[in-house]
Amino acid sequence: MSAPIPDMTRDAGAREAVSRDWSGLSMTPDAVSTPRSAAEVSDLLAWAAASGTAVTAAGGQTSTTGASITDRGVLLSLRAMDAILDIDADARTMRVQPGALVGDIKRAAAEHGLLFAPDPTSEEECTIGGSIACNASGARSLRYGATRAHIRGLRVALANGRLVDLRRPQLEKNTVGLALAHDPVDWFIGSEGILGVVVEAELALLPLPAQVIGLAVPFTSEHDALAFVLHARVMLDRSREAPELRADFPVHPRCLEYFDRGAVAIASGAVGEHGWAGAGAMVYTEEEFAANAEPDLDAWLALAEHHGASADDARAYTSAGELREARRMRHAVPTTMTERASVFRAAGGRRVSTDWAVPVRRMAAVLDASARIAERAGIERAVTYGHAGNGHPHQNYVARDADELRRMETVVGETLALVIAEGGTVAAEHGIGKLKRRWLPLQSSPLQTGVMRAVKRELDPAGILAPGNVLEPE
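In what follows, the accompanying structure is described. In every chain, residue numbers begin from 1 and rise along the written sequence. Note on the predicted model: pLDDT of at least 70 is required for a residue's local features to be given, and 80 or more for side-chain atom pairs to be given and counted; whole-chain, interface and lining totals, by contrast, use all residues. Working from all heavy atoms in the structure, the side-chain values ignore hydrogens and water.

**A word on the state of the cysteines**
In protein chemistry, a disulfide is the covalent bond that joins the sulfur atoms of two cysteines.
And then number 1: Disulfides are defined as pairs of cysteine sulfur atoms found within 2.5 Å of each other. In this structure the tally under the stated criterion is zero disulfides.
And then number 2: The cysteine Cys126 is free of any disulfide, with Cys134 supplying the nearest cysteine sulfur at 8.0 Å.
And then number 3: Between Cys255, a cysteine without a disulfide, and Cys126, which holds the nearest cysteine sulfur, the sulfur-to-sulfur distance is 17 Å.

Rendered as C-alpha cells:
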C-alpha cells in the first residue's frame, strides 16, 4: 500500500512566496508543505521516498547560496515548527524546534542568565535549523566558534521518514571504527539538507557575560585598519597561548569586524554617524568584562593610534541598546547591497557575495589581489566587510545585467583560486548551496567528494533530499 499523500499545497501564490532567498536566485517549487510536528515531517518524507519526489527543507530562507529554494518537488518550510521546548538552566541546555529564530533563542536564554553564542547578523530572520544546516557563525566566532560547537544533540528525519535521535558522545577516548563515524551529530551540521531534516535540536548554552563593551574605530586607510586587526589578533593569540601573561597583551576581542570605505559609508549612514562617512575604513570590536571589572578601553585606543587612527573619532557602545545599534550598523551593509541589486533582477543581475576565508595573516594580501583582478576585468570593486579577525571578509558586488554577472563570477572564481593557494576555503560560513557548487572542486579533492557522495547514497539512496545543493548531480 502506498503512503498517503501528506498535506501540501500547489497554490501558485504559496509556491511563489517561497521561490526566493537572499541569493538573488528565483526557483518555484512544485508544491509547498508546512508541517507543525516531527511526525508530519516524517510522513512527508516517507511519502516522498515512496513516490520519488524531491524535498528541499527551508527555514527563514536567508541563504545567500540558493540552498533554501528549489524548482523540483516539494519545498518543506519548517517555519511553523518554531517552539522553544524547554530550557535547563542548571545543565545549560535548551531544546528547540528548527523554525525558532536565533534572536528568539538568544533572548530566551538571556532570561535565565545564559548565552547562545553563535550570532549570525541576520538573527532576527534566520532560523536555528538553517543555522545548523550551514554551520552558521557570525562576528563572535572569533571567541566562540561556529554553530557546530554549540549543538549537543539532534533529532533528524531521514530521507525514508525514519526519525533518529543523535547525541554527542561524552567519551574522552574512542578507537572504535573510523573517526568520521564517531559522532553522527556532525554529519548533519553543515550538510545543507542533503542528508536529513533536523526536526529538533539540543543547544549548549554558556553563562551570559556580565558586561560587554563595543568600540568602533574609523581609519584613514584600509591598510591601516587591516594592520590594526592583525595586531589585535596576534595579541589575542598570545594571551590564549600563555594565560599567565594575559596582562601583557591587554586587548581580548570577542569579535573584530572590518568595514572598507564602501561599507563604512553604508554603515555610518544607517545609524547617523555622518562624521565617519569619509573614513577610509573602520573596525568594530567587542570585549567582555567581569561584573566587578572597571572596563578600560585605553589599550584599544592606544593600539588604534599606533595604526594611525584618532582616538577622538572612536565610539564606544556600552548599553544593551547601543550594542543593538552596533548590530544594526553591521547588518545594514548586506541589507543595502541586496536592495541595490534587487532593481537589476529583470536584466539578469543580482548581488554577488563571497564568504571565503584565509589565514588571517594573508587576508590583506588576498584582498589587494582580488581588487586587482576586478580592476583588470573592468568590474567595480567590491564592498567588503565582515569577520576579519578570522581572516573571513565578505565581498559584495552588484551585477547590473547578465553580462556583468558573468564577468563578476569570473572575478570571484579567480579570487577563490588564489584563496585556495593561500590555504583558505571557498566558504567559511554560508555553505555551498547551488551557487558555489561550481567552486567546490577547487577545495575538495575527488577522494573527499567521493566520500561525501558515499555518505549521501547511504542516507539518501534515491537522492530526493535538497537536489542541487553542495554536490553536482550524478
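**Let's talk about helix 11 (residues 363-376)**
And then number 1: Taking 1.5 Å per residue, 14 residues should reach 20 Å; helix 11 reaches 20 Å between its end C-alpha atoms and fits that length.
And then number 2: Residues of helix 11 that are buried include every one of Met363, Val366, Leu367, Ala369, Ser370, Ile373 and Ala374, and no others. The buried side chains of helix 11 occupy one side of the element, clustering within an arc of 165 degrees when seen end-on. Pointing more than 90 degrees away from the buried face of helix 11 are the exposed residues Glu375 and Arg376.
And then number 3: Among the structural elements, helix 7 (222-241), strand 16 (383-387), strand 17 (392-399) and helix 12 (402-421) are those in contact with the buried residues of helix 11.
And then number 4: Numbering of helices and strands runs from the N terminus, with a helix taken as a DSSP run of H or I at least four residues long and a strand as a DSSP run of E at least two residues long. One or two residues past the end of helix 11 sits Gly378, with phi positive at roughly 75 degrees. Here a helix's expected span is defined as the number of its residues, less one, multiplied by 1.5 Å. Burial here depends on accessible area, computed with a 1.4 Å probe over protein chains only, as a share of the maximum for the residue type. Under 20% is buried, over 50% is exposed, and the range in between is partly exposed. Arc definition: directions from the helix axis to the C-beta atoms. Should any heavy atoms of two residues lie within 4.5 Å, those residues are counted as being in contact.

**Details of the pairing of strand 5 (residues 93-96)**
And then number 1: Following DSSP output, two strands are said to pair if at least two bridges run between them. Inspection of the sheet shows strand 4 (residues 84-88) paired to strand 5 by four bridges, in the antiparallel sense. Across the sheet, residue Ile87 finds its bridge partner in strand 5, namely Met94.
And then number 2: The antiparallel pairing of strand 4 with strand 5 creates a hairpin that spans four residues between the two strands, and Arg92 there sits at a positive phi of about 60 degrees.
And then number 3: Here four bridges tie strand 5 to strand 9 (residues 197-204), and the two strands are oriented antiparallel to one another. The partner of Thr93 across the bridge, within strand 9, is Ala204.

**A short note on the side chain of Thr70**
And then number 1: Looking at the element boundaries, Thr70 is found in the loop between strand 2 (55-58) and strand 3 (74-77).
And then number 2: Its relative accessible area of 2% is what places Thr70 among the buried residues.
And then number 3: A distance of 3.1 Å separates the side chain of Thr70 from the backbone nitrogen of Arg72, its partner in a polar contact.
And then number 4: Not counting the four nearest positions on each side in its chain, Thr70 is found in contact with Met27, Thr28, Pro29, Thr56 and Leu75. In the analysis that follows, any N or O atom pair within 3.5 Å is treated as a polar contact, provided that within protein one partner can donate a hydrogen and the other can accept it, and provided that, for residues neighboring in sequence, both atoms belong to side chains.

**Observations concerning the sheet that holds strand 1 (residues 31-33)**
And then number 1: Taken in spatial order, the three strands of this open sheet run 1-3-2, and their pairing is parallel. Each edge of the open sheet is held by one strand with a lone partner, namely strand 1 and strand 2. The average undirected angle you get between the axes of adjacent strands in this sheet is 25 degrees.
And then number 2: Here strand 2 runs beside strand 3; their pairing, made up of four bridges, is parallel. When the bridges of strand 3 are listed, Ala58 appears paired with Ser77. Between the N-to-C directions of two axes lies an angle of 0 to 180 degrees, each axis being a line fitted to C-alpha atoms and, for a helix, fitted only over the stretch in contact.

Spatial relationships are all this shows, so hold off on functional conclusions.
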